[in-house]
Amino acid sequence: MWTADEIARLCYEHYGTRLPKKGKPEPNREWTLLAAVVKVQLVADRACGGSNRPTQVTKEVVSMGTGTKCIGQSKMRKSGDILNDSHAEVIARRSFQRYLHYQLHLAAALKEDSIFVPGTQRGLWKLRPDLLFVFFSSHTPCGDASIIPMLEFEDQPCCPVSRDWANNPSVEADGNLEAPENKKKCEDLGSPVTKKMRLEPGIPDGVGHHQSFGNQESGPIPPSISGSNLTTQELATVTGMAPSGAKVVDVYRTGAKCVPGEAGDSGKPGAAYHQVGLLRVKPGRGDRTCSMSCSDKLARWNVLGCQGALLMHLLEKPIYLSAVVIGRCPYSQEAMQRALTGRCQNVSALPKGFGVQEVKIQQSGLLFEHSRCAVQAKRADGPGRLVPCGAAISWSAVPEQPLDVTANGFPQGTTKKGIRCLQARSRISKVELFRSFQKLLSSISEDKWPDSLSAIIKHPLS
């Protein structure tokens, strides 16, 4: 009904035409990441003997986010007025929640163009059966989903891993990937990530992702495995994970740290450095963060839905993603499946309606124009460092102020003096989403509330 390239192209066009220059990377100097939620509507052909078989598909971007940054735990605030995690995937999901709030407002007002219809229980709504949502990210999510072997081809890009290596618990990769043959092209020599990429465990805050500029659609001609830095035992293990005959150099490192108190990485050189399947927090520059990796968050959304706890009071079923599409970058289908669904198979004792979803995972061959490697290729040997963009853009398909540009967790341009003003709150901050939920409840008469809301204490927020 749709292809990965169609989803990617739609998102890139939306980014280029609907988002202003404010918040986008500075030309030839900065790069960023892109994520979005696409609404797919299936239209049945009723002229064919009453058949409800879908014959037409419409696609529309309903939320979008850019960003690479994450604040440290010392900057977090109990008031919920700051964005802790501004990675593109998280911004896109928060923006999607804004969209869901608005659509429930339409449903409560009995508008026919809402994506929701009344459920079977009083005061609850459910998603229209002809709709589904596809999540797009221009790069593999940081953390467990980015665990792939580091391969080295002669003048060839890193290709998708096809062997079932991902179940082996002794290897992990960089949550921020790039093809080895393009390493010198795609890395800025002044950046901390260029220093022993294969040996350094951490990546500074904000240097969130690296991207491949190689063409993954063409199959490489792999040389035989030799000259590796791995031990004999490690080499034997990783050989079975890589495409036949590929030269395995190592595994990609990730800056995401294992959750304190749980199993950790071995720290051994080579393929045994990391363990797969572990929960991780995003890295910080000196100040540890409390934000889980995007791989972990996507896995959670695949079990609990994208709507959040507040909106679940008004929904009959969670809002799940039907598919995840990744842009052009080093990629492993097995790693994506393990990170998003495989790790969750033993999750049990969930409330009625919740469960681990068999989400469809695909990769596009289209490269994001403001990815790290795309920008690096354009700037050639330009002066100065190539750095991640400090701003994050949030866009939602809502009529009132759909655009939100933030930096360091607050609207761009916010001063320390004005940090507690209402204007110094992102539209997708927790406190603003809660205020939106309160407005939603106020538009619904209490006699039509579902029973679960009777225990909620309403209180105004300043």
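These numbers come from a predicted model, not from an experiment. (Residues numbered from 1 in each chain as written. Predicted model: local features only at pLDDT ≥ 70, side-chain atom pairs only at ≥ 80, totals over all residues. Heavy atoms only, no water.)

1. Thoughts on the overall build of the protein chain
(1) Moving on: The number of helices and strands found in the protein chain is nine helices and 18 strands.
(2) Moving on: When burial is assessed residue by residue, the protein chain has 54% of its 462 residues classed as buried.
(3) Moving on: When contacts within the protein chain are restricted to residue pairs at least 6 apart in sequence, long-range pairs at least 24 apart make up 72% of them. (Helix = DSSP H or I, 4+ residues; strand = E, 2+ residues; numbered from the N terminus. Buried < 20%, exposed > 50% of the residue type's maximum accessible area, 1.4 Å probe, protein only. Contact = heavy atoms within 4.5 Å.)

2. Observations regarding the environment of P383
(1) Moving on: The residue P383 is located in the loop between helix 8 (372–379) and strand 15 (387–388) in this model.
(2) Moving on: As for P383 and R29, which are separated by 354 residues in sequence, their C-alpha atoms are 8.9 Å apart.

3. Side note on the nonpolar core
(1) Moving on: Counting residues in each nonpolar core, the largest one holds 71 residues, and the members touching the most others are M64, F96, F116, F133, V134 and F135.
(2) Moving on: With seven residues, helix 2 (residues 88–108) is the single largest residue contributor to this core.
(3) Moving on: Apart from residues lying up to four places away in sequence, F133 is in contact with V37, V38, K39, V62, F96, Y99, I115, L127, I319, L321, S322 and A323. (Core = buried A, V, L, I, M, F, W, Y, C linked by side-chain atoms within 4.5 Å.)

4. With respect to unusual backbone geometry
(1) Moving on: Here the phi dihedral of Q401 falls at roughly 45 degrees; this positive angle occurs in a residue that is not glycine.
(2) Moving on: By the element assignment, Q401 lies in the loop between strand 16 (391–396) and strand 17 (403–407).
(3) Moving on: Of note in the backbone geometry, N408 takes a positive phi value of approximately 60 degrees without being a glycine.
(4) Moving on: Relative to the elements of secondary structure, N408 occurs in the loop between strand 17 and strand 18 (410–411).
(5) Moving on: The exposure class assigned to N408 is exposed, which follows from its relative accessible area of 63%.

5. Details of helix 8
(1) Moving on: Counting buried positions along helix 8 yields six of eight residues, so the element is predominantly enclosed.
(2) Moving on: Along helix 8, the residues classified as buried are R372, C373, A374, V375, Q376 and R379.
(3) Moving on: Backbone geometry just after helix 8 places A380 at a positive phi near 55 degrees.

6. Observations regarding the pattern of salt bridges
(1) Moving on: Taken as a whole and assessed by the stated rule, the structure comprises 13 salt bridges.
(2) Moving on: The partner of D85 in a salt bridge is K282, with the nearest N and O atoms 2.5 Å apart. Of the two residues, D85 is situated in strand 5 (residues 85–87) and K282 in the loop between strand 12 (280–281) and helix 5 (294–304); the sequence distance between them amounts to 197 residues.
(3) Moving on: Owing to a relative accessible area of 6%, D85 belongs among the buried residues under this scheme.
(4) Moving on: A salt bridge links E432 to R435, with the nearest nitrogen and oxygen atoms 3.6 Å apart. Here the residue E432 and the residue R435 both occupy positions in helix 9 (residues 430–442), the gap between them amounting to three residues, near one helical turn.
(5) Moving on: Several salt bridges converge on common partners, so that one network encompasses D144, D296, R338 and R343. (Salt bridge = Lys/Arg side-chain N within 4 Å of Asp/Glu carboxyl O.)

7. Brief notes about the packing of aromatic side chains
(1) Moving on: Inspection of every chain in the model, using the stated rule, returns six aromatic pairs.
(2) Moving on: Plain terms: the ring middles of Y12 and F368 are 5.7 Å apart, the flat faces sit at 20 degrees to each other, and that makes the pair stacked. One end of the pair, Y12, is in helix 1 (residues 4–18); the other, F368, is in the loop between strand 14 (360–363) and helix 8, and 356 residues separate them in sequence.
(3) Moving on: Here the aromatic cluster, defined as three or more aromatic residues joined through ring pairs, consists of Y12, Y15, F136 and F368.
(4) Moving on: The ring of W2 is capped by K360, whose NZ or CZ atom sits 4.8 Å from the centre of that ring. (Phe/Tyr/Trp six-rings, centres within 6.5 Å; stacked < 30°, edge-to-face > 60°. Lys NZ or Arg CZ within 6 Å of the ring centre and 35° of its normal.)

8. Overview of the pairing of strand 16
On a regular strand, each side chain points to the face opposite its neighbour's, so the side chains alternate between the two faces of the sheet.
(1) Moving on: Counting buried positions along strand 16 yields six of six residues, so the element is predominantly enclosed.
(2) Moving on: Alternating positions in strand 16 separate into two faces, A391, I393 and W395 on one and A392, S394 and S396 on the other, with burial throughout.
(3) Moving on: Where strand 16 and strand 17 come together, five bridges link them in antiparallel fashion. Paired with S394 across the strands is D404, a residue of strand 17.
(4) Moving on: Connecting strand 16 to the next strand, strand 17, in antiparallel fashion are six residues, including Q401 with a positive phi near 45 degrees. (Pairing = 2+ DSSP bridges.)

9. Some points on the side chain of R280
(1) Moving on: Tracing the chain through its elements places R280 in strand 12.
(2) Moving on: Side-chain polar atoms of R280 contact the side chain of D265, separated by 2.9 Å. (Polar contact = N/O pair within 3.5 Å; in protein donor to acceptor, adjacent residues only side chain to side chain.)

10. Some points on the environment of I326
(1) Moving on: Secondary-structure assignment places I326 in strand 13 (residues 323–326).
(2) Moving on: Under the relative-accessibility criterion, I326 is labelled buried at 0%.
(3) Moving on: A sequence separation of 41 residues divides I326 from L367, and the C-alpha atoms of the two residues are 10.0 Å apart.
(4) Moving on: Leaving out residues up to four positions away in the same chain, I326 has contacts with F136, S137, H139, T140, P141, Y331, M336, Q362, Q363 and S364.

11. Here we look at helix 2
Since the α-helix packs 3.6 residues into each turn, any two residues three or four apart lie on the same face.
(1) Moving on: Here helix 2 spans 30 Å end to end across 21 residues, near enough to the 30 Å set by a 1.5 Å rise per residue.
(2) Moving on: Burial analysis of helix 2 places 18 of its 21 residues in the buried class, which makes it a mostly covered element.
(3) Moving on: Of the residues flanking the end of helix 2, it is L110, one or two places downstream, whose phi is positive at about 60 degrees. (Expected span 1.5 Å × (residues − 1).)

12. Description of the side chain of D85
(1) Moving on: There is a polar contact of 3.0 Å between the side chain of D85 and the backbone nitrogen of H87.
(2) Moving on: Looking at D85, its side chain comes within polar contact range of the side chain of K297, at 2.8 Å.

13. Notes on the pairing of strand 8 (residues 131–137)
(1) Moving on: Buried residues dominate strand 8, accounting for seven of its seven residues.
(2) Moving on: Neither face of strand 8 is exposed, since L131, F133, F135 and S137 on one face and L132, V134 and F136 on the opposite face are all buried.
(3) Moving on: Bridge count between strand 2 (residues 34–44) and strand 8: seven bridges; the pairing is antiparallel. Following the sheet pairing, A35 is matched in strand 8 by S137.
(4) Moving on: As paired elements, strand 8 and strand 13 share four bridges and run parallel to each other. Looking at the pairing, S137 lines up with I326 of strand 13.

Shape descriptors only; they carry no functional weight alone.
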